[in-house]
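Residues per chain are reported as follows:
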Amino acid sequence: MIEASFTALGRLVLMLVQPHAVLWLGLIVLTVVLWRSRQRRAAAVAALLVLFVQVIGGTNLSGWLLGRLERPFAGVRPEDLPICDAIVVLGGGVEPSPQEVGGLHLTSAGDRLVMALELVRLGKAPVLCVGGGYAGRGARLRIEADLVKRAIDERQLSNAPVISLGACSDTRDEAMRVRRLADERGWKRILLVTSAVHQRRALATFQNAGLNAVPAPCNFLTTMSPEVEPPRFGVPGALGFIFTSIWIHEEIGWLEYRRRGWIGAGD
């Protein structure tokens with residue numbers, strides 16, 4: 001990493017010139033100016049914004065929140081997972097890109113594909129199903145699952161046949177397409193590959209669709225340690241905002257799926 005070559009002072013300066021840190025410093029200055037100008041209400045608002053940026057970006061609260069979603073799935077080893085009828089990897093691991101090899105760009109969730117291919121290598125199921133969304137429209141439509149299937153087949157990365165689920169709208173859509181395949185082919189149990197933070201919602205959605213799904217979590221974003229992480233309080237960083245955004249996405253997604261009846265009330 002670039003930061004490794006900096007001194008302690010250099011690393012501090014590097015942190016302070018990041019956009020989120022500049023915003024944080026600017027809000028602190030604004031709070032002081034408003035307070036000295038006796039604009040106490042405006043100063044209080046600015047101070048609350050300083051506190052918000054500090055808590056989200058300068059503490060380990062966001063990591064703790066995200067870790068609560070990941071912790072139930074920690075410690076699962078691919079080799080210990082049972083033999084199933086199919087491996088299903090949800091979309092999100094790649095996105096279409098005409099600039100990259102094979103027209104695919106690996107996202108931060110690219111571990112999903114690595115896990116799926118590892119399960120195939122271990123012989124955990126005789127078929128691999130690939131989900132995902134789409135981009136563009138008409139003749140320019142790019143379907144994630146089709147691109148992944150082509151990339152795997154052309155490079156012979158899987159000794160099991162690969163099935164594209166087509167252009168899926170969301171996790172519920174992926175679940176229903178897998179359900180139709182399971183009914184047609186007599187699948188009794190599947191391995192469900194997705195990021196650990198998404199596994200709870202995905203598993204509940206697939207089970208609500210009538211599928212016997214076994215979680216195969218991957219792409220852990222936080223450290224699953226039995227030791228209590230010491231509290232952190234420092235210059236706000238970008239990672240806290242990224243983690244918080246992912247956590248909010250999953251929590252709102254859970255509530256919306258439950259509202260639509262895509263997740264059972266007992267989940």
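Note: the structure precedes this text.
Residues numbered from 1 in each chain as written. Predicted model: local features only at pLDDT ≥ 70, side-chain atom pairs only at ≥ 80, totals over all residues. Heavy atoms only, no water.

1. Here's the deal with the overall build of the protein
(1) Moving on: If you tally the helices and strands in the protein, you get nine helices and nine strands.
(2) Moving on: Seen through its principal axes, the protein has C-alpha atoms that stretch 75 × 45 × 45 Å.
(3) Moving on: Split into buried and exposed, the 267 residues of the protein put 42% on the buried side.
(4) Moving on: In the protein, of all internal contacts separated by at least 6 residues, the share reaching a separation of at least 24 is 70%.
(5) Moving on: Taking the 30 positively charged and 24 negatively charged side chains of the protein as two groups, their mean positions are separated by 7 Å. (Helix = DSSP H or I, 4+ residues; strand = E, 2+ residues; numbered from the N terminus. Buried < 20%, exposed > 50% of the residue type's maximum accessible area, 1.4 Å probe, protein only. Contact = heavy atoms within 4.5 Å. Lys, Arg positive; Asp, Glu negative; His and termini not counted. Charge placed at Lys NZ, Arg CZ, Asp CG, Glu CD.)

2. Brief notes about the sheet that holds strand 7 (residues 162–164)
Strands belonging to one sheet form pairs held by backbone hydrogen bonds; the direction of such a pair is parallel or antiparallel.
(1) Moving on: Here five strands make up an open sheet; going across it, the order is 7-4-1-8-9 and the pairing parallel. Because the sheet does not close on itself, it has two edges, and the strands there are strand 7 and strand 9 (213–218). Between one strand axis and the next, the sheet turns through 25 degrees on average, direction left out of account.
(2) Moving on: Alignment of strand 1 (residues 86–89) against strand 4 (residues 128–130), held across three bridges, turns out to be parallel. Following the sheet pairing, Val 88 is matched in strand 4 by Cys 129.
(3) Moving on: Taken strand by strand, helix 8 (residues 196–208) contacts strand 1, strand 8 (190–195) and strand 9, and its axis lies near 145 degrees from that of strand 8. (Pairing = 2+ DSSP bridges. Axes fitted to C-alpha atoms, helices over the stretch in contact; angles between N-to-C directions.)

3. A closer look at the nonpolar core
Within soluble globular proteins, side chains that are nonpolar generally end up buried alongside one another.
(1) Moving on: Counting residues in hydrophobic clusters, the biggest one holds 26 residues, and the most contacted among them are Ile 87, Leu 119, Leu 128 and Val 193.
(2) Moving on: With residues near it in sequence (within four places) discarded, Leu 119 still touches Pro 78, Leu 81, Ile 87, Lys 124, Leu 191, Val 193 and Ala 216.
(3) Moving on: If you look at the next biggest cluster of nonpolar residues, it comprises 22 residues, including Val 88, Cys 129, Ala 175 and Leu 203. (Core = buried A, V, L, I, M, F, W, Y, C linked by side-chain atoms within 4.5 Å.)

4. Topic: helix 4 (residues 61–70)
(1) Moving on: Inspection of helix 4 places Ser 62, Leu 65, Leu 66, Gly 67, Leu 69 and Glu 70 among the buried residues, and these make up the whole buried set.
(2) Moving on: Buried residues belonging to helix 4 abut helix 3 (40–58), helix 8 and helix 9 (238–260).

5. With respect to the pairing of strand 8
(1) Moving on: With six of its six residues buried, strand 8 lies for the most part within the structure.
(2) Moving on: Of the pairings in the sheet, the one linking strand 8 to strand 9 comprises six bridges and is parallel in character. Its bridge partner lying in strand 9, Leu 192 is registered against Pro 215.

6. Description of the state of the cysteines
(1) Moving on: By the definition in use, this model includes zero disulfides.
(2) Moving on: Among the cysteines around Cys 129, which has no disulfide bond, Cys 168 carries the closest sulfur, lying 10 Å off. (Disulfide = S-S within 2.5 Å.)

7. Considering helix 8
(1) Moving on: The end-to-end C-alpha distance of helix 8 is 19 Å, a good match for the 18 Å that 13 residues give at a rise of 1.5 Å each.
(2) Moving on: Among the 13 residues of helix 8, ten are classified as buried, and the element is accordingly described as predominantly covered.
(3) Moving on: Taken residue by residue, helix 8 has Ala 196, Val 197, His 198, Gln 199, Arg 201, Ala 202, Leu 203, Ala 204, Thr 205 and Phe 206 as its buried positions. (Expected span 1.5 Å × (residues − 1).)

8. Points about the pattern of salt bridges
(1) Moving on: Enumeration according to the criterion identifies eleven salt bridges in this entry.
(2) Moving on: With a shortest N-O distance of 3.7 Å, Arg 155 and Glu 154 are connected by a salt bridge.
(3) Moving on: On the basis of relative accessibility, which here comes to 57%, the residue Glu 154 falls in the exposed class.
(4) Moving on: One salt bridge in this structure joins Glu 250 and Arg 201, with 3.1 Å as the shortest N-O distance. (Salt bridge = Lys/Arg side-chain N within 4 Å of Asp/Glu carboxyl O.)

9. Some details on the pairing of strand 1
(1) Moving on: Of the two faces of strand 1, the one holding Ala 86 and Val 88 and the one holding Ile 87 and Val 89 are both buried throughout.
(2) Moving on: Relative to strand 8, strand 1 is paired through four bridges, and the arrangement is parallel. Across the sheet, the residue bridging to Val 89 is Val 193, located in strand 8.

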